[in-house]
Amino acid sequence: MNDGAKARSGKGDASSPFDFAGVADRKERERLLIEELRRTQCALAEAEIEIQQKQRAIAERAFEQEAADVRSLLHAACWTADFDDEGNPTGFWFSDECRRVLGFESGDGFPENSENSDRFIAPDDLARINNEFRIAATEGGPYDVNYCVRRKDGRRMWVRAAAKFWRDEQGIARSCMGVFVDIDDAVKNQARQQQALEQALERADRACKVKTDFLRRMSHDMRTPLNCILGLLELCERNRDDKALVEENHGKMRTAARHLLSLIDDTLQASKLGEGKLTLLREPVDFAHLQADVDDIMQLLAAEAGVIMEGRQEEDGIAYRYVLGNELYLRQIFLNIYSNCIKYNRPGGKVITHVTSSELPDGKVLLRWEITDTGIGMSPEFLKRVFEPFARESSVASTVGGTGLGMPIVKQLIELMGGSIEISSELGEGSTFVISIPFDPAPAPRETEQAASGSTLQGRRLLLVEDNDLNAEIAATILEGDGAYVSIAGDGAQAVEAFAANPAETFDAILMDVAMPKMDGLAATRAIRALDRSDAASIPIIAMTGNAFQEDVRECLEAGMNAHIAKPIDAAKAERVIAKAMGGNANEVQQ
């Protein structure tokens, strides 16, 4: 290329590999040009090799696909058909594989090749398949269908059939070649999957309905004691000067609040039972105190329903008043059973309790409660599923409140304690619940422990850690009323700061909430225990929290706390626990 041509074609493009304008010597320019041409030829040769490799790879993939198609065809059942001048099929031919699929292993009894294939098509598919085949043959549409065939042994099976047509110059079908493949397993698997999906959707719908019904019933059941509390508060506001009425209403509000708390406990307990997270923590239980506590709650409900509560014990009473058990779980068991006996009773009806005890060979004591009501009873059908979650007697489900969680909780809690429950019932006559639970006897608490009162808090310095201002105010007022000096911290971080900022022995005990912002009670407890000061390891730290299950208690103790008090706080119990913790007997302090 001379300089003029280069100027005309490239206009002196400096990026061109053939631009040697800066080389004055003609021979040098020729040498450089030859060298550049050689490089260009090498690049073209490499590009050609790359193209050939890609073409070879494409051809290999095409060959593999064609081979796969051939292999599939070899395993397919082939058939052919011939057509007359009108495009109507005149005869069919079936391969050996086609005969085998249809159940004619030896060929005996198989129709002549010229016979029509209609006899093999299931009657409910015959019209559709013939119509699809006619349209494909006469109008040129595709033929690719799934249908049922009838094998020689009468068994129905699913196949997929496809065909390609050869036509004359006028477009009339003259012949076709087709295959059909056994897809029976695939279709049935798909049907099973579809059925499973439909069943899953049905279960989801039922679960959604159960959840909705549960929330509706729970809302109703919670509103009942809540309305009672609000109504009694209104009465107290209107009759402030009537001290007797105000005190009576306070007692009723306390009973309603305990009933509301039992409903909340049931809901939380059900979730723990479903997750298998419940554990059994044993502690000394005073049955006389437990019975009085349950009676306080149930007597008001019974009075409102017009039901009479009666109790009978052996002449010599229960062998052991104190046993090792779980007071929280026992209270839930009896509150659930008694509330059912009252709810499903009738005005003027009774709930009768008979308690017996007997000593077992292993030293345990077996307590047996027989609780009978004169209510509406249960149908035999419902009695079979009374322990199923959310189960309700259909005849009264719309008129009697309830969550359907009580009896499942009762059964699992009793079994967790190693006991049993039996139920007998007659529709229209009433029901009987027999509960048997073995316990280890426990020694009676020392008289000083039983008599512990608020006076033991006189002059004590307490650090109250609570993020809710109203809760903090109530707790501080009660404690100060018993003579204690109370300092308040709003969260765990403030508690650690307050403890560290004051000299050792400033506080006699720390009352610690658990769920708080910035730093929770567990982290705050660990931080306090880790401080390098003389009282960090010894100061009593007592959890005061709404986390009320046994695993919550264990978590608090493992974090370094000495005791646990569940909210809502029972003032008398809280004072006893605080006094005992400050007495240094941490191993016995578990609320």
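Residues numbered from 1 in each chain as written. Predicted model: local features only at pLDDT ≥ 70, side-chain atom pairs only at ≥ 80, totals over all residues. Heavy atoms only, no water.

Asks: Even after reading the chapter, I still don't get the overall build of the protein chain, so can you show me in this structure?
Replies: Check the secondary structure of the protein chain and you find 16 helices and 17 strands. Relative to its 591 residues, the protein chain shows a buried fraction of 39%. Intrachain contacts of the protein chain at a sequence separation of at least 6 include 63% that bridge at least 24 residues. Summed over its atoms, the accessible surface of the protein chain is roughly 33500 Å², and 52% of this surface lies on carbon and sulfur atoms. (Helix = DSSP H or I, 4+ residues; strand = E, 2+ residues; numbered from the N terminus. Buried < 20%, exposed > 50% of the residue type's maximum accessible area, 1.4 Å probe, protein only. Contact = heavy atoms within 4.5 Å. Areas by Shrake-Rupley, 256 points an atom, 1.4 Å probe, with all protein chains shown as cover.)

Asks: So what exactly am I meant to see when it comes to a nonpolar patch on the surface here?
Replies: There is a patch of nonpolar side chains on the surface, built from Leu226, Leu230 and Leu233 and spanning about 260 Å² of accessible area. Structurally, Leu230 is set in helix H5 (residues 184-238). Looking at Leu230, the relative accessible area reads 48%, which means it is partly exposed. (Patch = residues over 30% accessible without salt bridge, like charges linked within 9 Å, V, L, I, M, F, W, Y side chains within 5 Å. Salt bridge = Lys/Arg side-chain N within 4 Å of Asp/Glu carboxyl O.)

Asks: Teacher, can you tell me more about helix H8 (residues 327-343) here?
Replies: Note that an α-helix has 3.6 residues per turn; residues three or four places apart therefore point the same way. In a regular helix each residue adds 1.5 Å, so 17 residues correspond to 24 Å; H8 covers 24 Å between its end C-alpha atoms and thus fits that length. In terms of residue burial, H8 counts as a mostly covered element, since 15 of its 17 residues are buried. Structurally, the start of H8 carries an N-cap: the backbone nitrogen of Tyr329 is 2.9 Å from a side-chain oxygen of Asn326. (Expected span 1.5 Å × (residues − 1). Polar contact = N/O pair within 3.5 Å; in protein donor to acceptor, adjacent residues only side chain to side chain.)

Asks: Where do I start with unusual backbone geometry in this structure?
Replies: The phi angle of most residues is negative, glycine excepted, and most peptide bonds adopt the trans form. In the Ramachandran plot, Glu505 falls in the positive-phi region, its phi being about 70° despite a non-glycine side chain. Counting through the fold element by element, Glu505 comes out in the loop between helix H13 (492-501) and strand E15 (509-512). Even without glycine at this site, Lys518 takes up a positive phi of about 65°. Locating Lys518 in the fold gives a position in the loop between E15 and helix H14 (521-529).

Asks: Mind showing me how you'd approach the packing of H8 against helix H10 (residues 406-416) here?
Replies: Packed helices, taken two at a time, are described by the angle their axes make and the gap between the axes. Two numbers describe how H8 lies on H10: the axes approach to 9 Å, and their chain directions differ by 145°. Seen along the crossing, H8 lies across H10 with a hand that is left-handed. Seen from H8, the contacting residues are Tyr329, Gln332, Ile333, Asn336, Ile337 and Asn340; seen from H10, they are Gly406, Met407, Val410, Leu413, Ile414 and Leu416. Looking at the contact of H8 with H10, its residues break down into 8 nonpolar, 4 polar and no charged. (Axes fitted to C-alpha atoms, helices over the stretch in contact; angles between N-to-C directions. Left-handed = near helix turned anticlockwise from the far one by under 90°. Nonpolar A, V, L, I, M, F, W, Y, C, P; charged D, E, K, R; others polar.)

Asks: How should the side chain of Asn345 be read in this particular structure?
Replies: Mapped onto the secondary structure, Asn345 falls in the loop between H8 and strand E9 (350-359). Side-chain polar atoms of Asn345 contact the backbone oxygen of Lys350, separated by 3.1 Å. In contact with Asn345, other than residues within four places in its own chain, are Val307, Lys350, Val351, Asp373, Thr374 and Gly375.

Asks: Mind showing me how you'd approach the sheet that holds strand E5 (residues 173-182) here?
Replies: By way of backbone hydrogen bonds, the strands of a sheet pair with one another, either parallel or antiparallel. Taken together, 5 strands build an open sheet; the order of strands is E2-E1-E5-E4-E3 and the sheet is antiparallel. With one partner strand each, in any of the chains shown, strand E2 (89-94) and strand E3 (143-150) form the two edges of the open sheet. Going across the sheet, the axis of each strand differs from the next one's by a mean of 25°, ignoring polarity. When E3 meets strand E4 (residues 156-167), the two strands line up antiparallel, connected through 8 bridges. Of the residues in E4, the one forming a bridge with Cys148 is Trp158. Across the sheet, helix H4 (residues 123-139) is in contact with strand E1 (77-83), E2, E3, E4 and E5; its angle to E3 comes to roughly 155°. (Pairing = 2+ DSSP bridges.)

Asks: Hey, could you run me through the packing of aromatic side chains in this one?
Replies: For any pair of aromatic rings, geometry is given as the distance between the ring centres together with the angle between the planes. Summed over all chains, the structure comprises 13 aromatic pairs. With 5.9 Å between their ring centres and 50° between their planes, Phe83 and Phe165 make a pair best called tilted. Placement of Phe83 in strand E1 and of Phe165 in strand E4 is noted, with a sequence separation of 82 residues between them. Each member of the pair, Phe83 as well as Phe165, carries the same accessibility label: buried. Aromatic ring contacts, followed pair by pair, group Trp79, Phe83, Phe92, Phe94, Phe120, Phe133, Tyr143 and Phe165 into a single cluster. Here the guanidinium or amino end of Lys411 rests over the ring plane of Phe387, the centre of that ring lying 5.7 Å away. (Phe/Tyr/Trp six-rings, centres within 6.5 Å; stacked < 30°, edge-to-face > 60°. Lys NZ or Arg CZ within 6 Å of the ring centre and 35° of its normal.)

Asks: Help me understand the nonpolar core in this model?
Replies: Most often, soluble globular proteins have nonpolar side chains that are buried together. Judged by nonpolar contacts, the single largest core of 40 residues is most densely connected at Leu330, Ile337, Trp369, Ile371, Ile435 and Phe439. Counting only elements with at least two residues in this core, the list comes to helix H7 (287-305), H8, E9, strand E10 (365-373), H10, strand E11 (420-426) and strand E12 (430-441). Residue contacts for Leu330: discarding those within four places in its chain leaves Val285, Phe287, Leu290, Met417, Ile437 and Phe439. Phe92, Phe133, Val145 and Cys176 belong to the second largest nonpolar core, which has 28 residues in total. (Core = buried A, V, L, I, M, F, W, Y, C linked by side-chain atoms within 4.5 Å.)

Asks: Would you explain the pairing of E5 in this entry?
Replies: Within a regular strand, the side chains alternate between the two sheet faces. Pairing of E1 with E5, which is carried by 6 bridges, proceeds in the antiparallel orientation. When the bridges of E5 are listed, Ala77 appears paired with Phe180. Relative to E5, E4 runs antiparallel, the two sharing 9 bridges. What sits directly across from Trp166, in E5, is Ser175. Where E4 hands over to E5, the hairpin turn is made up of 5 residues, of which Gly171 adopts a positive phi near 85°.

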